[in-house]
Amino acid sequence: MGLQQFEQRIERLFEGAFSKALRGGLQPVEIGRRLTREMDLMRRVGVRGLISPNVFAVTLSAADAARFESFLDALARELGDAAREHARTEGYEFIGPVEVEIQSDASLKAGRYTVRAQIREGALGLPAASLILPDGSRIGLESEPVVIGRMPECTVVLNDANVSRRHAEVKRQGSDVVVVDLQSTNGTRVNGLPIRERVLADGDDITVGTTILRFQTS
């Protein structure tokens, strides 16, 4: 099921404008299949469950790198997001942020490519965790709390009249991540339920005002 979702995501990305450039030859979905296979092959048992590789180096032939040149960044980003989806579906944990690097090798023939995967701990030795903002951007959660509100000094500044100046914060608490309401006017909700403080789980939705942010550990 996870691989199928991965393929559907990659296929959706490259429909339309990109499809003409990718007729024939190496297809992004092939890279996706290899990447997920590497995740499955290199998973290992950790303290809290199965740990998956989180750093991937994709090497393309010079010819294929040229074909993909105008959307290499988009491909790397979507491969990273799809890897997170695969991990979430399979119940894998990451011990550091997901990174995908795409490079080229002139010695490879067109259609040939390699995917190298490794498990790399985060810089501070903390499990991977991040907030997904409404525009799709991602903020990694490190040792410092992430403050959400309307003040320019907040980590996440929201232009939402229903959000307080300092509305809520998301912070590490041992091996957990918690969201704390900062006595906001309209309150903070997790998955629709009002909270004062709550330990977050992968996929939880945090609502502040009318804005929804998603918490992910994968």
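A brief report on the enclosed structure follows. A quick note: this is a predicted structure, and the numbers were derived from the prediction, not measured.

### Focus on the overall build of the protein
Inference 1: When you go through the protein residue by residue, the secondary structure sums to four helices and 17 strands.
Inference 2: Counting every position in the protein, which comprises 218 residues, the buried fraction comes to 44%.
Inference 3: Of the accessible surface of the protein, which amounts to about 11500 Å², a share of 47% is contributed by carbon and sulfur atoms.

### Describing the nonpolar core
Inference 1: Membership of the largest hydrophobic core comes to 25 residues, with the highest contact counts inside it found for I31, M39, F56, L60 and I102.
Inference 2: In terms of residues, this core owes the most to one element, helix α4 (residues 72-90), which gives six residues.
Inference 3: Sequence-distant contacts of I102, defined by excluding residues within four places in its chain, comprise V58, L60, L72, L75, A76 and L79.
Inference 4: In terms of nonpolar packing, the next biggest core, distinct from the first, is built from 21 residues, L158, A168, V177 and V179 among them.

### Considerations on the pairing of strand β12 (residues 176-181)
Inference 1: Of all the six residues making up β12, five are buried; the element is thus mostly covered by neighbouring parts of the structure.
Inference 2: Across six bridges, strand β11 (residues 168-173) lies against β12 in antiparallel orientation. Paired with K171 across the bridge in β12 is V178.
Inference 3: Pairing geometry for β12 and strand β15 (residues 197-199), over three bridges, is antiparallel. Each bridged residue has a counterpart across the sheet, and for V180 the counterpart in β15 is E197.

### A few points about unusual backbone geometry
Inference 1: Even without a glycine there, the phi angle at Q183 is positive, about 55°.
Inference 2: With respect to the secondary-structure elements, Q183 resides in the loop between β12 and β13 (188-190).
Inference 3: With phi around 55°, N191 is a residue other than glycine that occupies positive phi space.
Inference 4: By the element assignment, N191 lies in the loop between β13 and β14 (193-195).

### Side note on the environment of E101
Inference 1: Inspection of the secondary structure puts E101 in strand β5 (residues 99-105).
Inference 2: Exposure remark for E101: the relative accessible area of 48% places this residue in the partly exposed category.
Inference 3: C-alpha of E101 to C-alpha of A76: the two residues are 25 residues apart in sequence and 6.6 Å apart in space.
Inference 4: Excluding residues within four positions of it along the chain, E101 makes contact with F56, A57 and V58.

### Description of the sheet that holds strand β6 (residues 113-118)
Inference 1: Across the sheet, three strands lie side by side as β5-β3-β6; this open sheet has mixed pairing. In this open sheet, the two strands that pair with only one neighbour each are β5 and β6. Each neighbouring strand pair of the sheet contributes to a mean axis angle of 15°, computed without reference to strand direction.
Inference 2: As defined by bridge partners, strand β3 (residues 55-61) adjoins β6 across six bridges and the pair is classed as antiparallel. Counterpart to F56 in the pairing with β6 is A117.
Inference 3: Each of β3 and β6 is contacted by helix α2 (residues 28-42), which is oriented at about 35° to β6, the strand it contacts most.
Inference 4: Of the strands in this sheet, β3 and β5 are in contact with α4, which crosses β5 at around 135°.

### What to know about the side chain of Q216
Inference 1: In this fold, Q216 is placed in strand β17 (residues 211-216).
Inference 2: Here Q216 falls in the buried class, since its relative accessible area comes to 9%.
Inference 3: At a separation of 3.1 Å, a polar atom in the side chain of Q216 contacts the side chain of R138.
Inference 4: Among residues more than four places away in sequence, those in contact with Q216 are R84, R88, A129, S130, I132, R138, D202 and G203.

### Re the side chain of S130
Inference 1: Along the polypeptide, S130 turns up in strand β7 (residues 130-132).
Inference 2: Residue classification places S130 among the buried residues on the basis of a relative accessible area of 6%.
Inference 3: In terms of polar contacts, S130 uses its side chain to reach the side chain of R138, at 2.9 Å.

### Considerations on the sheet that holds strand β16 (residues 205-208)
Inference 1: The antiparallel open sheet is built from six strands, whose spatial order is β8-β7-β17-β16-β13-β14. One side of each edge strand has no neighbouring strand; the edge strands of this open sheet are β8 (138-140) and β14. Across this sheet, the average inter-strand angle for adjacent strands is 30°, counted without regard to direction.
Inference 2: Where β13 meets β14, three bridges bridge the pair, whose relative direction is antiparallel. Looking across to β14, one finds that R189 is bridged to P194.

Reading the values: rules and limits
Residues numbered from 1 in each chain as written. Predicted model: local features only at pLDDT ≥ 70, side-chain atom pairs only at ≥ 80, totals over all residues. Heavy atoms only, no water. Helix = DSSP H or I, 4+ residues; strand = E, 2+ residues; numbered from the N terminus. Buried < 20%, exposed > 50% of the residue type's maximum accessible area, 1.4 Å probe, protein only. Areas by Shrake-Rupley, 256 points an atom, 1.4 Å probe, with all protein chains shown as cover. Core = buried A, V, L, I, M, F, W, Y, C linked by side-chain atoms within 4.5 Å. Contact = heavy atoms within 4.5 Å. Pairing = 2+ DSSP bridges. Axes fitted to C-alpha atoms, helices over the stretch in contact; angles between N-to-C directions. Polar contact = N/O pair within 3.5 Å; in protein donor to acceptor, adjacent residues only side chain to side chain.

So, to be careful, I would describe these as geometric facts and stop short of saying anything about function.
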